[in-house]
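Fold and contact review
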Amino acid sequence: MHYVDVHTHLTHERFKADLDLVIQRAVDAGLGAVVVNGLEPNSNREILQLAQDHPVIKPALGIYPIEAINDILPEDFAHPIAKFSVDDEIEFIREQAEKKNIMAVGECGLDGYWVGSETFARQEQVFEQLIEIAKNNDIPIIVHSRKLEKRTGEILAHHKVEKADFHCFCGRTKLAKQLAETHGWHFSIPANVLKNEAFQKMLKILPTESILTETDAPYLAPIRGERNEPANVVTTVAAFADIRSIEIDEAKNIIWQNYCRLFAIASTEC
Ligand SMILES: [Zn+2]
């Protein structure tokens, strides 16, 4: 039994100087898997290399919803987004999935926070192609759904997706519960849970078999302003144990088994 981080960005520049130490701290803290999620061509390729170098790193390749519309973003968009061919990247992800080089498709999904509705059709088109890759290869999809939680659920349901994890779900907790109960989808709760009542409520009301842990590192640190890292998933497991009045080991085991089931990990490794 181990801890697990199903959604993190260790390819972020804030990890460049001490990545080996960060990974070692995760292993020392008892993590058995750190699912590093890709965003665009560079991170996707770096992740494949990272996974070769470190057995604890499990690769997920994806296209972040904003990166998915890089060709229609205005030049003065708030964040610098490099131009690349989304179609070529979808093909690359498909190839890697077919070669069984990846554990999941992600990060991908829909974003209605940074961009407006004129981009939604294109976002959905890319999302749907990535859903097909995950489904055809029977691997989970890790989704971003900020401000479009309901629509994200509708698209996943339309494609009859069974293996999905909503990362950092910020919609109504009632909707999360309904999606978990109806479809068996998972929800990974970030390590800043003690600062966020909605995440605490999700730990309380979601079916236990739908709960996973994530960090979204370097973002969403337990202490605001600090850099987050995978070892911090212990915070969410402790909160889960506390909220459900169970032992930490039981909470840890529930989440580890959920990970093993969703990612189809061989029972010898669980
Ligand atoms: Zn993320």
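See the structure shown above.
Below is a summary of the structure that appears in this document.

**Thoughts on the nonpolar core**
Nonpolar side chains tend to gather and get buried jointly when the protein is soluble and globular. Counting residues in each nonpolar core, the largest one holds 81 residues, and the members touching the most others are L10, I141, L156, Y259 and F263. Setting aside residues no more than four positions away along its own chain, F263 makes contact with V6, V35, M103, A104, P140 and I142. Within the second largest apolar cluster, six residues are counted, among which are I66, I69, F77 and V115.

**Structural notes on unusual backbone geometry**
The omega torsion across G106 and E107 is 10°, close enough to zero to call that bond cis. Looking at where E107 falls in the secondary structure, it is placed in strand β4 (residues 104–109). Looking along the chain, the bond that leaves A217 and enters P218 is cis, with omega of 10°. Tracing the backbone shows P218 in the loop between β8 (211–213) and α8 (233–244). Backbone geometry places K147, a non-glycine residue, at a positive phi of 70°. Tracing the sequence through the fold places K147 in the loop between β5 (141–144) and α5 (149–158).

Conventions adopted
- Residues numbered from 1 in each chain as written.
- Predicted model: local features only at pLDDT ≥ 70, side-chain atom pairs only at ≥ 80, totals over all residues.
- Heavy atoms only, no water.
- Core = buried A, V, L, I, M, F, W, Y, C linked by side-chain atoms within 4.5 Å.
- Buried < 20%, exposed > 50% of the residue type's maximum accessible area, 1.4 Å probe, protein only.
- Contact = heavy atoms within 4.5 Å.
- Helix = DSSP H or I, 4+ residues; strand = E, 2+ residues; numbered from the N terminus.

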